[in-house]
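Structural features, examined
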Amino acid sequence: MELFHEIKAAKLQLKNVVPSTPLQQNLNLSDEFGATILLKREDLQIVRSYKIRGAYNKISSLTKNEKSQTIVCASAGNHAQGVAYSCHLLQIKGTIYMPSTTPKQKIKQVQLFGKSYVEIVLTGDTFDDAFAAAMEDATKNNKIFIHPFDDLKVIAGQGTVGLEILDVFKDPIDYLFLPIGGGGLAAGVSTVFKQLSLSTKIIGVEPQGAPAMKNSIAHGRNTVLETIDKFVDGAAVKQVGKQTFEICQKNLSDIILVPEGKVCTTILRLYNEEAMVVEPAGALTIAALEFYKEEIKGKTVVCVVSGSNNDIERTAEIKERSLLYEGLMHYFLIQFPQRPGALKEFVNDILGPNDDITYFQYNKKTNREVGSVVVGLELKNRDDIESVKANMTKTGFEYKYLNELPELFTQLIG
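These numbers come from a predicted model, not from an experiment.

Its place among the elements puts histidine 147 in the loop between strand S6 (144-145) and helix H8 (152-168). Taking the relative accessible area as the measure of exposure, histidine 147 reaches 13% and is therefore buried. Only 3.0 Å separates the side chain of histidine 147 from the backbone nitrogen of phenylalanine 149, close enough to count as a polar contact. Within the structure, the side chain of histidine 147 is placed 2.8 Å from the backbone nitrogen of aspartate 150, a separation counted as a polar contact. Setting aside residues up to four positions removed in sequence, histidine 147 forms contacts with His79, Phe131 and Val154.

Now the structure itself:
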């Protein structure tokens, strides 16, 4: 109840700073899943994510003495933008630590929103690296640390998303899908629904490569992942918050893990069909619908679209991951005969009429008879790959299928 009261207080604190975002029915998704699919468009916030809510609620609640000190935070991008914007509004100095792998677009936006009030420090490869550096700075230099998710005021700010949903939609909501990184949004919004909409099933969604919350709940304690896939950067953490874990453990009905490739397919689809630009973490809840399609038929479903800070320079990687996931992109290490006409034979006798060579890298001549070549093929139909493999075997082209050899794939393709 304490957190719920904090969330209601946060709503008043944010009233003239953070505008309410739309709750929109999506006709394409509703038709596809035979349900009423509503999207809570936090991607339309001024900082393009819900993170402004928690950041401003926390920073504005600091004492006068605390506000006179420099604040510090760590973030993969969205929390940083929320903190930067809050620093500018409240005229407070801030130091923001971000992983060196953060997309350039997010770094630029942080500086844009914070202007002269913030200093950006890039360090490490992951959020956890940046977090450690920020904590060290805060401890050594007596700065106020603004946690991205494991703080009551931050969780309360994020929880105002839940109040807004229930303020505008009065009919029963059967399912609520929430993205999970550190767990601040999921903890806050699920608390609202547990107070005001008890019949709603609350589904958390994490990237498959960073299942910190699901892993922790399965073990019954807050555990640390040894390694993570950093692609879904807004939701890729090795450990969730202590408070957020305890809340989500009680409130969530289920947690779905969504493959990064499926996230990429969803990003491309939303752009092409809806003219929506979402970041990987922002696509999580919509991507998760496919894995709950039987349960949500005929139901009313809300998906929180958490952010739209996507770097256009990542488009090629997003397309590649999507094609690999959909079974339309395939890579082979092939031993090509060292004779005239071998490539022509490969094209004519092995590939189908709709198969396209998108990558061709001659590595080295291993002996007089054969040379190693890495070949990437894009197919129109995922089932066509079996005929390609069969044709290579039939015609005597020796090969290794790199899609099923992740270590070799990484070395040769990247």
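Let us keep going from here.
As a further point, take the sheet that holds strand S8 (residues 201-207). As summarised here, the arrangement of the six strands in space is S1-S2-S10-S7-S8-S9, forming an open sheet in which the pairing is mixed. Looking at strand neighbours, the two that pair on one side only are strand S1 (23-25) and strand S9 (254-258), the edges of this open sheet. Strand-to-strand twist in this sheet, taken as the mean axis angle between neighbours without regard to direction, amounts to 25°. As paired strands, strand S7 (residues 175-179) and strand S10 (residues 300-305) are joined by three bridges and run parallel to one another. What sits directly across from leucine 176, in S10, is valine 302. Sheet strands in contact with helix H9 (residues 184-196) are S7, S8 and S10, and its direction is about 160° off that of S7.

A word on a nonpolar patch on the surface. A cluster of nonpolar side chains, Leu343, Val347, Phe360 and Tyr362, forms an exposed patch at the surface whose accessible area comes to about 350 Å². Going through the elements one at a time, helix H15 (342-349) and strand S12 (356-365) are the ones with two or more residues in the nonpolar patch. In this fold, valine 347 is placed in helix H15.

When helix H11 (residues 242-251) is considered as a whole, its buried residues turn out to be Thr244, Phe245, Ile247, Cys248 and Asn251. Check the buried side of H11 and you find it contacts helix H1 (2-13), H8, H9, S8 and helix H10 (212-219).

Strand order in the open sheet formed by four strands is S5-S4-S3-S6, with parallel pairing between adjacent strands. Among the strands making up the open sheet, the edge pair consists of strand S5 (118-122) and S6. Two strands pair when backbone bridges link them, and strand S4 (residues 94-98) and S5 are joined in this way by five bridges, in the parallel orientation. Along S5, the bridge assignment pairs glycine 94 with valine 118. Packed onto the sheet, helix H6 (residues 104-114) meets S4 and S5 and runs at close to 160° relative to S5.

Right, let's talk about the pattern of salt bridges for a bit. Any two side chains of opposite charge can pair, on the condition that their charged atoms come close. The tally for this structure, following the rule as stated, stands at 20 salt bridges. Each of the salt bridges in this network shares a partner with another, and the network as a whole consists of Lys40, Glu42, Arg53 and Glu164.

This next bit is on the nonpolar core. Among the nonpolar cores identified, the biggest contains 50 residues, and Ile165, Leu176 and Phe193 are the most heavily contacted of them. What isoleucine 165 contacts, discounting residues up to four positions off in sequence, is Leu23, Lys40, Ile173, Leu176, Phe193, Val302 and Val304. Residues Leu29, Phe177, Ala281 and Tyr292 belong to the second largest nonpolar core, which totals 33 residues.

All right, on to unusual backbone geometry then. Of all residues except glycine, most have a negative phi; of all peptide bonds, most are trans. A positive phi angle is found at arginine 48, which is not glycine, with a value near 65°. Here arginine 48 is to be found in the loop between strand S2 (36-41) and helix H3 (51-60). Unlike most non-glycine residues, asparagine 142 shows phi in positive territory, near 55°. Tracing the chain through its elements places asparagine 142 in the loop between helix H7 (127-141) and S6.

Before going further, it helps to examine the packing of H8 against H9. Geometry of a packed helix pair, given as the angle between the helix axes and the separation of the axes. Remark: H8 packs on H9, axes separated minimally by 7 Å, with the N-to-C direction vectors making an angle of 45°. If you check the angle between H8 and H9, you find them oblique. Considering the relative orientation of H8 and H9, their crossing is right-handed. Along the contact surface, H8 presents Ile155, Gln158, Gly159, Val161, Gly162, Leu163, Ile165 and Leu166, while H9 presents Gly184, Leu185, Ala187, Gly188, Val189, Val192, Phe193 and Leu196.

Here we come to the packing of aromatic side chains. Using the criterion set out here, one finds 13 aromatic pairs in the structure. With a centroid separation of 5.3 Å and 50° between ring planes, the pair formed by phenylalanine 336 and phenylalanine 346 is classed as tilted. Of the two residues, phenylalanine 336 sits in strand S11 (residues 329-337) while phenylalanine 346 sits in helix H15, which places them ten residues apart along the sequence. The same class applies to phenylalanine 336 and to phenylalanine 346, which are both buried. Counting every residue linked through ring pairs, the aromatic cluster contains Phe336, Phe346, Phe360 and Phe397. Above the face of the phenylalanine 231 ring, arginine 314 is positioned so that its terminal group lies 4.8 Å from the ring centre. The ring of tyrosine 401 has lysine 389 sitting right over it, with the charged end atom 3.9 Å from the ring centre.

Turning our attention to the side chain of aspartate 233. Here aspartate 233 shows up in the loop between H10 and H11. Residue class for aspartate 233 comes out buried when judged on its relative accessible area of 13%. Every residue in contact with aspartate 233, bar those within four places of it in the chain, is listed here: Ala76, Pro103, Lys106, Pro280 and Arg314.

Right, let's talk about the pairing of S2 for a bit. Among the six residues of S2, five are classified as buried, and the element is accordingly described as predominantly covered. Note: S1 against S2, three bridges, orientation antiparallel. Each bridged residue has a counterpart across the sheet, and for glutamine 24 the counterpart in S2 is leucine 39. With six bridges joining them, S2 and S10 adopt parallel strand pairing. Considered in S10, the bridge of isoleucine 37 is made with valine 301.

Reading the values: rules and limits
- Residues numbered from 1 in each chain as written.
- Predicted model: local features only at pLDDT ≥ 70, side-chain atom pairs only at ≥ 80, totals over all residues.
- Heavy atoms only, no water.
- Helix = DSSP H or I, 4+ residues; strand = E, 2+ residues; numbered from the N terminus.
- Buried < 20%, exposed > 50% of the residue type's maximum accessible area, 1.4 Å probe, protein only.
- Polar contact = N/O pair within 3.5 Å; in protein donor to acceptor, adjacent residues only side chain to side chain.
- Contact = heavy atoms within 4.5 Å.
- Pairing = 2+ DSSP bridges.
- Axes fitted to C-alpha atoms, helices over the stretch in contact; angles between N-to-C directions.
- Patch = residues over 30% accessible without salt bridge, like charges linked within 9 Å, V, L, I, M, F, W, Y side chains within 5 Å.
- Areas by Shrake-Rupley, 256 points an atom, 1.4 Å probe, with all protein chains shown as cover.
- Salt bridge = Lys/Arg side-chain N within 4 Å of Asp/Glu carboxyl O.
- Core = buried A, V, L, I, M, F, W, Y, C linked by side-chain atoms within 4.5 Å.
- Parallel < 35°, antiparallel > 145°, perpendicular 65-115°, else oblique.
- Left-handed = near helix turned anticlockwise from the far one by under 90°.
- Phe/Tyr/Trp six-rings, centres within 6.5 Å; stacked < 30°, edge-to-face > 60°.
- Lys NZ or Arg CZ within 6 Å of the ring centre and 35° of its normal.

Bear in mind that shape data such as this cannot, by itself, settle questions of function.
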